[in-house]
Amino acid sequence: NNEKNQPGDGGGRGEEEKGERDVEVEGGGSFQPIVAVIGATGGVGSACVRQLKKITASSDGLTPKYRVRAVVRDKFGSKVQRISKYLTPMDAIVEADVTKPSTLRPALQGADYVIVAVGAGSGGGEGGGGEGDGG
């Protein structure tokens, strides 16, 4: 099979895309899977970010096993403080809105895993009515 998958074509990981995500980490490892957490500033989402950053690579016990891509509605919003203290320079905070699907594709491109931790919103503001803090 001589076909290469193009990044974002849904057909898997092309060589070019895979190479972009390989990183050198202490202990001789070279790959940390990217976990995108949608709703990362909410209660459940921020707990997921914290736990992901506590999991370390078995080779050295210090290097985080995962790179986190925190997917939030407003990366300059006050709730980002809940998670920014846990993130390293290898992690990212990106904006996307689940009510605007066109914003999700770029936010999730290249992610190895996706955790969806979005709430229904808190009522009076953006995100509709219902309980939860909407992350």
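Above this note sits the structure.
Here's a quick rundown of the structure. None of these values were measured; they are calculated from a predicted model. All residue numbers refer to positions counted from 1 along the written sequence of the respective chain. Note on the predicted model: pLDDT of at least 70 is required for a residue's local features to be given, and 80 or more for side-chain atom pairs to be given and counted; whole-chain, interface and lining totals, by contrast, use all residues. To get the side-chain values, all heavy atoms of the structure are used, and hydrogens and water are removed first.

1. Points about the sheet that holds strand S4 (residues 113-116)
Two modes of strand pairing occur in sheets, parallel and antiparallel, and in both the strands are linked by backbone hydrogen bonds. Spatially, S3-S2-S1-S4 is the arrangement adopted by the 4 strands of the open sheet, whose pairing is parallel. One side of each edge strand has no neighbouring strand; the edge strands of this open sheet are strand S3 (92-95) and S4. Looking at each pair of strands side by side, their axes are set apart by 20 degrees on average, direction ignored. In what follows, a contact means two residues having at least one pair of non-hydrogen atoms within 4.5 Å. To get an axis, fit a line to the C-alpha atoms, keeping to the stretch in contact for a helix; angles then go from 0 to 180 degrees between the N-to-C directions. Going along the chain from the N terminus, every DSSP run of H or I of four or more residues is numbered as a helix, and every run of E of two or more is numbered as a strand. Running at roughly 165 degrees to strand S1 (residues 34-38), helix H2 (residues 43-54) makes contact with S1, strand S2 (67-72) and S4 of the sheet. Here a strand pair is declared whenever DSSP counts at least two bridges between the two strands.

2. Points about the nonpolar core
We call a set of buried Ala, Val, Leu, Ile, Met, Phe, Trp, Tyr and Cys residues a nonpolar core when their side-chain atoms join them within 4.5 Å. Burial status follows relative accessibility: with a 1.4 Å probe on protein chains alone, a residue under 20% of its type maximum counts as buried, one over 50% as exposed, and anything between as partly exposed. In this structure, Val35, Val37, Ala40, Val49, Leu52, Tyr66, Val68, Ala70, Val72, Ile83 and Leu87 together form the largest nonpolar core, which totals 11 residues. Taken together, the elements giving at least two residues each to this core come down to S1, H2 and S2. In terms of residues, this core owes the most to one element, S2, which gives 3 residues. If we skip the residues at most four places from it in the chain, isoleucine 83 touches Ala40, Thr41, Ser46, Val49 and Ala70. With 6 residues, the next largest nonpolar core counts Ile38, Val71, Ala96 and Leu104 among its residues.

3. Description of the pattern of salt bridges
Throughout this description, the term salt bridge denotes a Lys or Arg side-chain nitrogen within 4 Å of a carboxyl oxygen of Asp or Glu. Across all of its chains, the model carries 1 salt bridge by this definition. A salt bridge links aspartate 91 to lysine 53; the nearest nitrogen and oxygen atoms lie 2.9 Å apart. Residue aspartate 91 is found in the loop between helix H3 (81-84) and S3, and its partner lysine 53 is found in helix H2; the two are separated by 38 residues along the sequence. Grouping residues by exposure puts aspartate 91 and lysine 53 together as buried.

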